[in-house]
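# Secondary and tertiary structure notes
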Amino acid sequence: MKIVKNILTKNDCYKAGRTIAVKGLMIHSVGCNQPSASAFLKNWNRSGVEACVHAFIDGNSGTVYQTLPWNHRGWHGGGSSNNTHIGVEMCEPSQIKYTGGASFTCSDKAAARKVAERTYKSAVELFAYLCKQYKLNPITQICSHHEGYLKGIATNHGDPEHLWKGLGMSYTMDGFRKDVKAAMGGSTSADTSDTSTYTVKKGDTLTAIAKKYDTTVDELVKLNNIKDKNKITVGQKLKVKNSTGASNPEKIAEDGTWGPDTTRRAQEVFGTVADGIVSNQMQADRKYLGACHSSSWDFDSTYTGGSSLIYEIQAWVGANQDGTAGKETIKKLQTKLKSLGLYDGAVDGSCGTGTVKGFQKWLNKQK
Ligand SMILES: [Zn+2]
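Just so it is clear, the structure is predicted and the values come from calculations on it, not from any experiment.

Checked against the element boundaries, A284 lands in the loop between strand 11 (278-282) and strand 12 (297-300). Take A284: there are 14 C-beta atoms within 10 Å of it, and that puts it in the partly exposed class. Linking A284 and T119, residues 165 residues apart in sequence, is a C-alpha distance of 36 Å.

Strand order in the open sheet formed by 6 strands is 1-4-3-5-2-8, and the pairing between neighbours is mixed. Of all the strands in the sheet, the pair left with one neighbour each is strand 1 (3-5) and strand 8 (142-144). When the angles between neighbouring strand axes are averaged without regard to direction, this sheet yields 25°. Summarising the sheet, strand 1 and strand 4 (residues 64-66) pair through 3 bridges and their orientation is parallel. By the bridge assignment for strand 4, V4 is matched with Y65. Across the sheet, helix 3 (residues 109-133) touches strand 2 (24-29), strand 3 (55-57), strand 4, strand 5 (85-90) and strand 8, and the angle it forms with strand 5 is around 160°.

A few words now on the pairing of strand 5. Along strand 5, 6 of the 6 residues are buried, which leaves the element largely enclosed by surrounding structure. By the alternation rule, side chains of strand 5 split into H85, G87 and E89 and I86, V88 and M90, which are all buried. Across 6 bridges, the pairing between strand 2 and strand 5 is parallel. Along strand 5, the bridge assignment pairs G24 with H85. Where strand 3 meets strand 5, 3 bridges bridge the pair, whose relative direction is parallel. Bridging across to strand 5, A55 finds its partner in V88.

What follows deals with the packing of helix 11 (residues 260-270) against helix 14 (residues 353-366). Orientation of helix 11 relative to helix 14, taken along the N-to-C sense of each, is 45°, at an axis distance of 10 Å. Compared by their axis directions, helix 11 and helix 14 come out oblique. Two packed elements cross with a definite hand, and for helix 11 against helix 14 that hand is left-handed. When helix 11 is examined against helix 14, the residues T262, R265, A266 and V269 are found in contact with a partner set consisting of Q360, L363 and Q366. Grouping the amino acids of the contact of helix 11 with helix 14 by side-chain chemistry returns 3 nonpolar, 3 polar and 1 charged.

Moving on: the environment of Y171. By the element assignment, Y171 lies in the loop between helix 5 (161-166) and helix 6 (173-188). Here Y171 falls in the partly exposed class, since 18 other C-beta atoms lie within 10 Å of it. Put simply, Y171 and P160 are 11 residues apart on the chain and 9.9 Å apart in space, counted from C-alpha to C-alpha. Filtering out sequence-adjacent residues up to four positions away, Y171 remains in contact with Y120, W164 and F176.

This part is about the nonpolar core. One finds I57, A123 and F127 to be the most contacted residues of the largest nonpolar core, which totals 46 residues. Looking at this core element by element, the count peaks at 12 residues for helix 3. Once residues lying within four places of it in the same chain are set aside, the contact partners of I57 are A37, G62, V64, V88, M90, C91, T119, S122 and A123. Within the second largest apolar cluster, 19 residues are counted, among which are L289, I330, Y343 and F359.

With that settled, the discussion passes to the domain arrangement of the protein chain. Taken domain by domain, the protein chain holds domain 1 (3-183), domain 2 (195-244) and domain 3 (260-365). Of note, the centres of domain 2 and domain 3, computed from C-alpha atoms alone, are 43 Å apart.

Attention now goes to the environment of N43. With respect to the secondary-structure elements, N43 resides in helix 2 (residues 37-44). In the structure, N43 is positioned 57 residues away from G100 in sequence and 23 Å away in space, judged by C-alpha atoms.

Counting buried positions over the 10 residues of helix 12 (residues 308-317) gives 7, a clear majority of the element. Where helix 12 is concerned, the buried positions are S308, L309, I310, Y311, E312, I313 and Q314. Elements in contact with the buried residues of helix 12: helix 11, strand 11 and helix 13 (327-339). With its phi angle positive at about 80°, G318 sits one or two positions after the end of helix 12.

In this section: unusual backbone geometry. Following D159, the chain continues into P160 via a peptide bond in cis, with omega recorded as -5°. Phi at N280 takes a positive value of approximately 55°, unusual for a residue other than glycine. Along the chain, N280 turns up in strand 11. With 20 C-beta atoms counted inside 10 Å, the residue N280 sits in the buried group.

Parameters and conventions
- Residues numbered from 1 in each chain as written.
- Predicted model: local features only at pLDDT ≥ 70, side-chain atom pairs only at ≥ 80, totals over all residues.
- Helix = DSSP H or I, 4+ residues; strand = E, 2+ residues; numbered from the N terminus.
- Buried ≥ 20, exposed ≤ 12 C-beta atoms within 10 Å, placed from the backbone.
- Pairing = 2+ DSSP bridges.
- Axes fitted to C-alpha atoms, helices over the stretch in contact; angles between N-to-C directions.
- Contact = placed C-beta atoms within 7 Å.
- Parallel < 35°, antiparallel > 145°, perpendicular 65-115°, else oblique.
- Left-handed = near helix turned anticlockwise from the far one by under 90°.
- Nonpolar A, V, L, I, M, F, W, Y, C, P; charged D, E, K, R; others polar.
- Core = buried A, V, L, I, M, F, W, Y, C linked by C-beta atoms within 7 Å.
- Domains from an automatic or database assignment.

Written as C-alpha cells, this is what we have:
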C-alpha cells in the first residue's frame, strides 16, 4: 500500500484544527463516478467545501492519499462519528452512472468491479495499519457510513455497501472487517519475528541454552518438539525465543546527532512507519535543523505534505500540525523538553546538539 500525504490545508475543516481521540474507523465511497483521487484533492483544498475526510483511495492505482492528520477531527460522517472516527473515501468507477439516490447503471461491470476491488484491497491494508496504530479492534471498531447511520452516529447514506451490491460483488462489511483482521495478523507474525535459531555446540546442555536465552528447558522442549530432553546433538538447530532483553531495543546513543537510529526509535515510540527517514521536509527549514543528519532527513524545495512522524511530534509538543519541522516546531519541542528537565539551552527554534540530546534522552525513557 502506498500512502501519499496530501493534506488539504486550505479546507475549513483542516483550519478548524480540532483533534480527536481515535475510537473507530469509518469507510465511505464517494458517491459519484470519479475514480481519480486527484480530482477530490483539487476540489476540496479550498474554503467552503464543508466536508473533509482523512484519506481518499484512488480507483485507478489504489494509492492512498492522506488528506488530514489521522487524529484531526474530520467532517465525513455527520453526527457524532466525526468526534471519534477516522473517515476514508474510496473513489468509484467511471463506468457507473447514478440514476437517483444510491441507484446506478453501469456500462462495463467487469471494468467497474476491478476499480472497486482495487480500492477495497487498499482500504483493507490501510485499516489494518490504522487499527494497529490506534490499537483498535477491527471486528468491533470499524463501520461503514451506512452502518454508522443505523447506529445513529452518522447521516443517512448507503455507502459503500451500495456500490458493492450494485456491481453484484460479494463484498460485505463483515467480510471487510475479517479481511482487515487477517491483514493485521499477516504483518505482525509474532512467531517468526520473536524467535531466532541457535546451533547446538559441543558441551551445550538444554539447561545452559535456556539460561542463555532467559527461558526454561520446558519452553525449549515445547518450541522444538524435543522428544528426549537429555539428548541434543552438536549442530542441531534449535528455535529460541528472543529473551525480553533482546526484544526490548537497546538504548539509542544520546550523542546529539539526529540520524536514522533516532528517527527509527521516534517512529516506534510515536507509532508511525519505522523506516528511519523523516520525509518531505522543507529545504528552507534546513537552517534550523543543524543537528539533523541528511542520512535520515529528506528535504524538498516545495511542500509535499510533510512527515507522519513530525505530525505526531507536533501534536505531542502542541505545535501547529503541518508535518514539517521548522523554527516554531523546534521552539515548542525545546519548551517541552525543558519542562521535562531534559534540555537547558535556549528556546531559539534551532535544533542543535543540545535539543537532539534532550529528545534522545526522552526517547530512551519511553521503552
Ligand atoms: Zn459516506
